[in-house]
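# Working through the structure, step by step
Read off the chains here:
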Amino acid sequence: MKYSKLFGKTVKIAPRSATMTSHKLLYQGGFIRESVAGRYFMLPLGMRVQDKVTRIIEEEMDSGGAQKMITPVLHPLALWQETNRTNTTGFELIKVTDRRGDEFVLGGTGEEMFTDVVRNYHLSYKDLPINVYQFSSKFRDEIRVRGGLLRVREFLMKDAYSFHTDEEDFIKEYEKIGQTYERIFKRMGLVAISVLADNGYIGGEYCHEYVVDSEIGESKYLFNADRSYIAHEDVAEFTREDINLDEEMKEFEIIEQPEWVKTMEDNEKHYGLPKARFLKNVVYRHRITGEIIIATIRGDLEVNKNKLEHVLDAVGQLEDATDEDLAKIGTKSGYVHCWGHEGARYIGDISLTTVRNFIGGQKEETTDSINVNYGRDFECEILADIALAKAGYLDKDGKSALEENRGIEVGNIFQLGYHYSSKMSAYYIDSTGANKEYYMGCYGIGVGRTIASIVELHNDDKGIIWPITVSPYHVHLVELGQDEEISQAAEKLYTALWDAGVEVLWDDRKDVSAGVILNDADLIGIPIRLLISSRSMEQGSVELKYRESGDTIMIEYDTAVDLIKQKIKDLEYQVFESA
């Protein structure tokens with residue numbers, strides 16, 4: 001490709017909304033342009049990167065026995081109603097009605113569609129297992145978009161779905177896909193960490209995210225000293241240390257308390273005791289049923305809404321209670337009781353059993369309760385793990401302190417079990433001729449997020465540094481000077497490289513300075529730069545520069561093609577080995 005003919009060239013200034021490195025560099029380098037908020041054009045350079053990424057994914061999925069197909073973009077609304085996901089996705093579905101009055105949604109994820117097509121085949125146990133996947137556009141009406149390709153409303157995803165006779169067979173595929181993902185990301189120059197995570201609106205009982213460490217990532221995960229336990233903060237478990245269980249249980253009392261004591265910090269100051277000695281309530285409202293949920297927890301801990309939603313089988317359904325909600329149960333902010341509000345459901349954290357003689361629980365304007373003990377003075381409808389894990393807490397085995405990292409989620413794998421097959425009556429025929437529900441799994445990779453992650457990790461103050469495996473071109477050919485001899489030499493080398501299977505971007509511009517040309521090459525980030533100039537031609541050579549290391553060598557013009565092919569192979573090997 002000649003740069004003079006390239007659609008989508010470099011620009012000096014990124015939009016003001018671009019705050020993340022990948023967003024800035026992909027925009028400035030001529031890879032992406034925003035259409036409207038959260039929806040992007042992939043320009044020719046960006047499309048070449050995207051094609052490289054999808055090709056790697058496809059090769060690895062195919063090698064594991066998965067089969068590529070495609071589903072329609074418009075999903076019949078009735079399918080989503082079968083699984084009751086029209087209100088539980090965690091994002092707003094975009095609905096469409098055609099001229100016949102049929103209702104559809106733009107696909108946000110593909111579980112219903114794949115389950116539907118498979119159930120209609122009435123497969124036998126002899127046909128199983130199968131794993132089918134697609135690359136398709138997904139649509140999610142996100143409230144907030146950010147970070148260029150990191151959080152968008154329309155994006156390309158590889159989503160795969162496997163169908164099995166039982167859990168044992170599924171586990172084999174789950175582990176195999178995990179290994180496949182590790183190879184996929186290593187081939188792109190990424191170290192993706194498998195993190196136990198939350199299934200959320202997808203359904204099922206467990207899943208793992210694949211996270212690339214980055215300070216700008218939205219995924220926060222915790223791990224113990226030997227990394228035998230790695231879990232997203234949404235699901236991370238930890239040990240609640242006993243606070244004072246050796247203390248004698250005292251008599252419950254209502255005591256006078258100054259009006260200024262309102263917050264947990266006020267309690268610490270007034271009583272001279274740590275936060276763990278106090279009771280704390282957090283109130284939510286179920287956005288469909290209207291139920292008021294009071295989560296009661298030890299004062300030094302925070303409620304994990306995600307865990308609470310799972311306890312209540314209300315994923316994506318809880319929202320912070322308003323003053324109006326509190327008034328319905330006869331209270332107001334700062335005066336919520338740990339028991340006694342009629343019409344509210346009380347869910348307690350297991351930390352309530354680690355303290356003797358709590359303070360709090362029945363606060364009024366000038367009084368509160370002391371010596372409150374769980375089981376004697378109050379009980380919750382459910383006692384469960386609903387607390388947020390944090391760095392410094394002991395791991396779930398109580399052996400080492402948890403540490404914390406942030407990262408970008410680039411992929412995930414889900415155990416679905418019978419979640420969809422039971423709701424959608426999806427059966428296979430077993431060896432006895434009976435109908436049995438499929439045991440299912442699903443596996444996703446966000447292509448745009450993966451591209452952004454590569455740029456976040458592979459860049460410097462000059463621009464992008466693409467790994468050779470996903471670079472838009474292998475070689476950036478630059479000619480400096482006005483001599484026709486230089487242009488002819490550049491064109492001859494350009495043609496020879498393409499004929500040898502080497503992808504080349506040739507900057508053939510003559511109306512810009514050498515500084516601009518070289519700066520653009522650094523910004524675009526192709527891993528090998530070849531420079532032809534009058535000085536190099538005098539020596540019968542070409543200057544080769546590696547974008548990542550900055551190392552420069554002179555190579556003979558006549559043997560350049562074979563040498564470049566070997567350099568590309570070397571770089572491909574280095575990408576996989578260094579990840």
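Reference entry: report on the structure contained in this document. (Residues numbered from 1 in each chain as written. Predicted model: local features only at pLDDT ≥ 70, side-chain atom pairs only at ≥ 80, totals over all residues. Heavy atoms only, no water.)

The bond known as a disulfide is covalent and runs between the sulfur atoms of two cysteines. Summed over the entire model, instances satisfying the criterion amount to zero disulfides. Looking at the unpaired Cys338, the closest cysteine sulfur is the one in Cys380, lying at 7.5 Å. The exposure class of Cys338 is buried, given its relative accessible area of 1%. For Cys380, a relative accessible area of 11% translates into the label buried. (Disulfide = S-S within 2.5 Å. Buried < 20%, exposed > 50% of the residue type's maximum accessible area, 1.4 Å probe, protein only.)

Core analysis: the largest hydrophobic core is formed by 50 residues, its most contacted members being Leu26, Phe31, Val53, Ile57, Tyr181, Phe185 and Trp466. The residues touching Leu26, leaving out its near neighbours within four places in the chain, are Phe31, Ile32, Leu149, Ile451, Val455, Ile464 and Trp466. (Core = buried A, V, L, I, M, F, W, Y, C linked by side-chain atoms within 4.5 Å. Contact = heavy atoms within 4.5 Å.)

Most of helix α10 (residues 447–457) is tucked away: nine of the 11 residues are buried. Inspection of α10 places Val447, Gly448, Thr450, Ile451, Ala452, Ser453, Ile454, Val455 and Glu456 among the buried residues, and these make up the whole buried set. (Helix = DSSP H or I, 4+ residues; strand = E, 2+ residues; numbered from the N terminus.)

Here we come to the layout of surface pockets. For the second largest pocket, the calculated volume is near 730 Å³. For the second largest pocket, the lining is made up of 32 residues, of which Gly200, Gly204, His310, Asp313 and Val315 are closest to its centre. Elements with a contribution of two residues or more to the lining of the second largest pocket: β9 (192–197), β10 (206–213), α7 (305–311) and α9 (419–423). Per-element tally for the lining of the second largest pocket: the top contributor is α7, with three residues. (1 Å grid on protein atoms, 1.4 Å probe; cavity = no way out; pocket = protein on both sides within 12 Å on 5 of 7 lines; lining within 4 Å. Points joined across faces, edges and corners; volume = space filled by probe spheres on them.)

The next subject is the sheet that holds strand β27 (residues 475–479). An order of β28-β27-β29-β30-β31 is seen for the five strands of this open sheet, with the pairing classed as mixed. Edge positions in the open sheet fall to β28 (504–507) and β31 (552–556), since each of these has one partner strand only. This sheet shows a mean twist of 25° between the axes of neighbouring strands, independent of strand direction. (Pairing = 2+ DSSP bridges. Axes fitted to C-alpha atoms, helices over the stretch in contact; angles between N-to-C directions.)

Okay, empty space enclosed by the protein next. Going through the model one piece at a time under the given rule, you end up with two cavities of 30 Å³ or more. As for the largest cavity, its lining consists of Thr71, Pro72, Val73, His75, Gly107, Thr109, Gly110, Gln134, Ser136, Ser137, Lys138 and Asp159. A per-element tally of the lining of the largest cavity places strand β7 (residues 130–139) first, with four residues. By volume, the second largest cavity amounts to about 50 Å³. Taken together, His476, Ala521, Asp522, Ile526, Arg529, Lys545 and Arg547 make up the full set of residues lining the second largest cavity. Residue composition of the lining of the second largest cavity, grouped by class: two nonpolar, one polar and four charged. (Nonpolar A, V, L, I, M, F, W, Y, C, P; charged D, E, K, R; others polar.)

Among the structural elements, Ser487 can be located in helix α11 (residues 484–499). Residue class for Ser487 comes out buried when judged on its relative accessible area of 9%. Side chain to side chain, Ser487 and Lys510 meet in a polar contact 2.7 Å long. Not counting residues within four places of it along the chain, the set of residues in contact with Ser487 comprises Glu479, Trp506 and Lys510. (Polar contact = N/O pair within 3.5 Å; in protein donor to acceptor, adjacent residues only side chain to side chain.)

Across the six residues of strand β30 (residues 541–546), six count as buried, placing the element largely inside the fold. Because side chains alternate across β30, one face comprises the buried residues Ser541, Glu543 and Lys545, and the other comprises Val542, Leu544 and Tyr546, equally buried. Judged from the four bridges that link them, strand β29 (residues 528–532) and β30 form a sheet pairing that is antiparallel. Each residue of the ladder has a partner; that of Leu531, found in β30, is Glu543. Pairing geometry for β30 and β31, over five bridges, is antiparallel. Looking at the pairing, Val542 lines up with Ile555 of β31.

Counting buried positions over the five residues of strand β11 (residues 219–223) gives five, a clear majority of the element. Of the two faces of β11, the one carrying Ser219, Tyr221 and Phe223 and the one carrying Lys220 and Leu222 are both buried. In the sheet, β11 pairs with strand β21 (residues 403–417) via five bridges, with the strands oriented antiparallel. By the bridge assignment, Lys220 is partnered in β21 with Arg406. With three bridges joining them, β11 and strand β12 (residues 230–232) adopt antiparallel strand pairing. Counted as the bridge partner of Tyr221 is His232 from β12. The turn linking β11 back onto β12 is made up of six residues, and Arg227 within it adopts a positive phi angle of 60°.

On the surface, a cluster of negative charge is made up of Asp166, Glu167, Glu168 and Glu205. Residue class for Glu168 comes out exposed when judged on its relative accessible area of 58%. (Patch = residues over 30% accessible without salt bridge, like charges linked within 9 Å, V, L, I, M, F, W, Y side chains within 5 Å. Areas by Shrake-Rupley, 256 points an atom, 1.4 Å probe, with all protein chains shown as cover. Salt bridge = Lys/Arg side-chain N within 4 Å of Asp/Glu carboxyl O. Lys, Arg positive; Asp, Glu negative; His and termini not counted. Charge placed at Lys NZ, Arg CZ, Asp CG, Glu CD.)

Further remarks concern the sheet that holds strand β14 (residues 279–286). If you walk across this open sheet you meet the five strands as β16-β14-β15-β17-β20, and the pairing is mixed. Both outer strands of the open sheet, β16 (318–320) and β20 (382–384), are each paired with one neighbouring strand and no more. Between one strand axis and the next, the sheet turns by 35° as a mean value, whatever way the strands run.

Once that is clear, we can look at the side chain of Arg153. Note on placement: Arg153 falls in the loop between β7 and β8 (154–164). Within the structure, the side chain of Arg153 is placed 3.1 Å from the backbone oxygen of Ala37, a separation counted as a polar contact. Beyond its immediate chain neighbours, meaning those up to four positions away, Arg153 contacts Ala37, Gly38, Arg39, Lys138, Phe139, Arg140, Asp141, Glu142, Ile143, Arg144 and Val145.

A few words on the packing of aromatic side chains. As enumerated under the stated definition, the model contains 19 aromatic pairs in all. Ring centres of Phe31 and Trp466 lie 5.4 Å apart, and the angle between their planes is 55°; this geometry places the pair in the tilted category. Of this pair, Phe31 sits in the loop between α1 (21–28) and β1 (32–36) while Trp466 sits in the loop between β26 (463–464) and β27, and the two are 435 residues apart along the sequence. For the pair Phe31 and Trp466, one class covers both residues: buried. With 5.1 Å between their ring centres and 45° between their planes, Tyr494 and Trp506 make a pair best called tilted. On the criterion of sequence distance, the pair formed by Tyr494 in helix α11 and Trp506 in strand β28 is long-range, its members being 12 residues apart. Grouped by ring-pair contacts, the aromatic residues Phe170, Tyr174, Tyr206, Tyr418 and Tyr439 constitute a single cluster. For Arg85, the ring lying beneath its charged end belongs to Trp80, and the centroid distance is 4.5 Å. (Phe/Tyr/Trp six-rings, centres within 6.5 Å; stacked < 30°, edge-to-face > 60°. Lys NZ or Arg CZ within 6 Å of the ring centre and 35° of its normal.)

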